[in-house]
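Structural overview
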Amino acid sequence: MQYNCFNWSNDPNRRRINTLGTETKQQKHLFHILQKTILFGTQAMERWKSHVRAELFQRDCQQKEPFSGLIKSYSRLLEKCELHECFWDEKQGSRFVESPETLQLQLLLKEGEQVREKLAQRVTDLMSSLYLKEAELQYCHSQVSRYHKEALSLARSAGALQSSLLDCEFALESQSKELAALQAEQGARGAELTAARREVEHLLERWMEEKREEAERVNEHNSTQERWHRFTSQLAKHCRRGGQQQRGEPEQLTWTPPDTPATCEETTEPL
Amino acid sequence: MADDKDVLRDVWFGRIPTCFTLNQDEITEREAEPFYLLLPRVSYLTLVTDKVKKHFHKVIRQEDLEEMWFEYEGTPLKWHYPIGVLFDLHASNTALPWSIIVHFKNFPEQDLLHCPSNSVIEAHFMSSIKEADALKHKGQVVNEMQRKDHKQLWMGLQNDKFDQFWAMNRKLMEYPTEEGGFRYIPFRIYQTMSDRPFIQKLFRPLSPDGHAHTLGDLLKEMFPAAIPQDDEQKYQVIIHGIEPMLETPVQWLSEHLSHPDNFLHICVIPATND
């Protein structure tokens with residue numbers, strides 16, 4: 001069975017529970033309320049704590065309350081009997097004979113004195129209890145002040161933490177913005193890089209094409225030059241041979257075409 | 001917090017209706033009537049039975065009067081255990097009122113301590129408080145108290161004054177907030193099934209990782225058999241006549257369900273079918 005919190009000690013019904021040793025309708029009703037409160041949740045108090053409180057209540061219902069009134073009445077009667085016994089013992093030892101009315105009055109007086117003593121004791125107890133309550137109140141005040149100071153210091157630290165949290169949030173926000181801007185810039189630069197790479201590839205292709213065409217041109221020029229050299233050397237030989245034949249002696253070659261690539265053999269020869 | 005104070009009140013004002021009957025072997029001048037009393041659970045038998053003694057002294061011859069002692073179903077009752085512990089341990093599942101036999105002779109020297117006066121009870125009570133504080137605060141709180149403060153604790157118990165007692169006892173229940181509890185929990189586990197009087201070891205209120213230890217944790221370490229297994233409850237774990245839930249933190253139990261001697265007295269008895 002689970003129980004929930006229920007402030008029994010402040011409940012006047014608790015003090016009125018019967019003392020006959022049986023569970024009355026009222027007790028059953030109270031217990032029913034107690035059980036009902038459990039069903040409506042245990043947010044207000046931990047389950048184990050409400051369980052302890054309910055069990056203590058149930059324990060007192062079973063063990064204390066049924067007998068408390070009986071035993072108190074029994075004690076009072078015992079005290080009264082004792083008083084009467086003392087009184088009659090005193091009177092039996094007395095030499096004077098008193099009328100029953102006087103004896104009755106004296107007995108009442110004795111009882112009254114006993115009640116007065118008890119009340120005086122009660123007043124003393126209440127006074128000391130009052131002093132204790134005052135001391136407790138002072139203690140509670142000191143506790144309140146202590147907790148107030150603790151709460152203030154905690155509030156201060158909470159404020160400092162709050163402001164530092166705000167600073168951090170602001171820094172985070174600005175850094176996020178900066179990051180977003182940098183990411184956008186990085187995107188643009190990336191696109192430019194891709195375009196540049198494409199252009200480089202295109203230029204390389206063009207350059208390779210140019211180089212190929214140039215090589216062809218050079219090869220063609222070289223072959224033309226070779227042919228030209230061959231012809232000029234053949235012409236020169238032919239001319240030299242023709243001149244020797246006319247003069248009857250060999251003749252030196254004196255002319256070189258201007259566009260002919262220079263060779264070692266040719267440059268060392270005199271013009 | 002106000003609710004917790006109610007728990008302290010309920011613990012303090014717990015009562016057991018008791019019927020004292022004179023042992024039949026005692027020689028009396030006339031028939032001895034039984035004597036009924038509401039015994040405070042937190043007090044000691046010899047501290048609250050002056051009236052019982054007075055009642056039976058009337059019928060016993062003066063020459064037969066020796067030290068009074070009590071017995072329940074053949075077991076001599078140790079006056080130095082709190083009354084509630086004696087009841088929970090020996091008679092928790094019996095009909096009320098609790099029937100105790102009063103003896104005035106054949107004192108069982110092997111089982112009981114002598115209690116010639118209330119000063120012996122006071123000495124025992126104060127030594128228990130000091131032992132408990134040694135466990136909770138290295139004895140610092142009780143040592144800082146003055147003699148009158150010690151007297152206030154004792155007088156509070158002797159005269160059954162809740163406010164007087166707790167005005168001083170609350171100092172013994174304080175601890176630094178940052179520590180989260182006492183150094184060690186002063187507890188004693190009683191069992192009827194063993195010759196060992198009780199189990200008492202060092203036990204911290206918090207685990208090394210800062211979690212609150214519960215009654216279940218305590219029992220698991222000290223008396224594993226007391227934990228129900230497979231929904232079978234072999235033992236009842238009783239404190240002040242109730243069975244707290246096993247998830248109850250021991251620190252809270254120590255603060256609220258300790259006896260005035262500042263020890264948490266836990267009774268483990270075999271479970272009954274009903």
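Residues numbered from 1 in each chain as written. Chains lettered and ligands numbered in written order. Predicted model: local features only at pLDDT ≥ 70, side-chain atom pairs only at ≥ 80, totals over all residues. Heavy atoms only, no water.

What counts, and what does not: UniProt positions are given in the numbering used here, feature names are shortened, and annotations may be inferred rather than shown by experiment.
Chain B goes by Autophagy protein 5 in an unreviewed UniProt entry, where it is assigned to Anguilla anguilla. Regarding chain B, the relevant UniProt record gives this comment under Sequence similarities (unreviewed entry): "Belongs to the ATG5 family."

As annotated in an unreviewed UniProt entry, chain A carries the name Autophagy-related protein 16 domain-containing protein and is attributed to Anguilla anguilla.

1. Things to note about the overall build of chain B
Defined as follows: Segments assigned H or I by DSSP are reported as helices when at least four residues long, segments assigned E as strands when at least two residues long, and all are numbered from the N terminus. Only protein chains enter the accessibility calculation, which uses a 1.4 Å probe. A residue is then buried if its area is under 20% of the maximum for its type, exposed if over 50%, and partly exposed in between. Contacts between residues were defined by any pair of non-hydrogen atoms, one from each residue, lying within 4.5 Å. Per-residue and other accessible areas follow the Shrake-Rupley method at a 1.4 Å probe size, with only the shown protein chains counted as cover for residues.
Regarding its fold elements, chain B presents nine helices and nine strands. Scored against the burial criterion, the 274 residues of chain B give a buried share of 56%. In chain B, the share of contacts with a sequence separation of at least 24, taken over all contacts with a separation of at least 6, comes to 70%. A total of about 12400 Å² of accessible surface is found on chain B, and carbon and sulfur atoms cover 47% of it.

2. Digging into the environment of Ser233 of chain A
We count it as follows: Pairs of N or O atoms are called polar contacts if they sit within 3.5 Å, as long as, within protein, a hydrogen donor faces a hydrogen acceptor (for residues adjacent in sequence, only side-chain-to-side-chain pairs).
Among the secondary structure elements, Ser233 of chain A is positioned in helix H5 (residues 100–247). At 2.8 Å, the side chain of Ser233 of chain A and the backbone oxygen of Arg230 of chain A are in polar contact.

3. Here we look at the sheet that holds strand S6 (residues 187–191) of chain B
Residue and element names in this part refer to chain B. This is how it is decided: Here, a strand pair is defined by DSSP locating no fewer than two bridges between the strands. Think of each axis as a best-fit line through the C-alpha atoms, taken over the contacting stretch in the case of a helix, with angles from 0 to 180 degrees between the N-to-C directions.
Taken in spatial order, the four strands make up an open sheet running S7-S6-S9-S8, and their pairing is mixed. For this open sheet the edge positions go to strand S7 (198–199) and strand S8 (235–238), each flanked by a neighbour on one side alone. In this structure, S8 lies alongside strand S9 (residues 264–270), joined through four bridges in antiparallel fashion. Looking at the pairing, Gln236 lines up with Ile269 of S9. The sheet strands contacting helix H8 (residues 215–222) are S6, S7, S8 and S9, and the helix crosses S6 at an angle near 60 degrees.

4. Quick notes on unusual backbone geometry
All names here are of chain B. The peptide bond linking Leu96 to Pro97 adopts the cis configuration, its omega dihedral lying at 0 degrees. Considering the arrangement of structural elements, one finds Pro97 in the loop between helix H3 (83–91) and strand S5 (98–103). If you check the backbone angles, Asn106 has positive phi at about 55 degrees while not being a glycine. Assignment of secondary structure puts Asn106 in the loop between S5 and helix H4 (118–137). Its identity as a non-glycine residue notwithstanding, Lys138 has a phi of 55 degrees, on the positive side. With respect to the helices and strands, Lys138 occurs in the loop between H4 and helix H5 (140–144). Assessed through its relative accessible area of 55%, Lys138 is described here as exposed.

5. Examining a nonpolar patch on the surface
Short version of the rule: Surface patches are defined over residues having more than 30% relative accessible area and no salt bridge, joining like charges when they lie within 9 Å and nonpolar side chains (Val, Leu, Ile, Met, Phe, Trp, Tyr) when within 5 Å. For this analysis, a salt bridge means a side-chain nitrogen from Lys or Arg found within 4 Å of a carboxyl oxygen belonging to Asp or Glu.
A contiguous nonpolar patch, built from Val123, Met127, Leu130 and Tyr131 of chain A and spanning about 400 Å² of accessible area, is present on the exposed surface. Owing to a relative accessible area of 49%, Val123 of chain A belongs among the partly exposed residues under this scheme.

6. Structural notes on the packing of aromatic side chains
Here is the rule: Only Phe, Tyr and Trp rings take part, Trp by its six-membered ring, and two of them pair if their centres are within 6.5 Å. Stacked means planes under 30 degrees apart, edge-to-face means over 60, and tilted covers everything else.
In total, this model carries 16 aromatic pairs over all chains according to the counting rule given. A ring pair is formed by Tyr74 of chain A and Tyr36 of chain B, whose centres lie 5.5 Å apart and whose planes are at 90 degrees; its orientation type is edge-to-face. Linking Tyr74 of chain A in helix H4 (residues 65–93) with Tyr36 of chain B in strand S2 (residues 35–40), this pair reaches from one chain into another. For Tyr74 of chain A, a relative accessible area of 21% corresponds to the partly exposed category. Owing to a relative accessible area of 30%, Tyr36 of chain B belongs among the partly exposed residues under this scheme. What links up through ring pairs into an aromatic cluster is the set Trp12, Phe13, Phe162, Phe165 and Trp166 of chain B.

7. Overview of the nonpolar core
All names here are of chain B. We count it as follows: We define a nonpolar core as any set of buried Ala, Val, Leu, Ile, Met, Phe, Trp, Tyr and Cys residues linked to one another through side-chain atoms lying within 4.5 Å.
Counting residues in hydrophobic clusters, the biggest one holds 53 residues, and the most contacted among them are Phe125, Ile189 and Leu257. Among the elements that make up this core, the one with the highest residue count is helix H7 (residues 162–172) (five residues). Ignoring sequence-local partners within four residues, the contact set of Ile189 consists of Phe198, Ile199, Leu219, Met222, Phe223, Ile266 and Val268.

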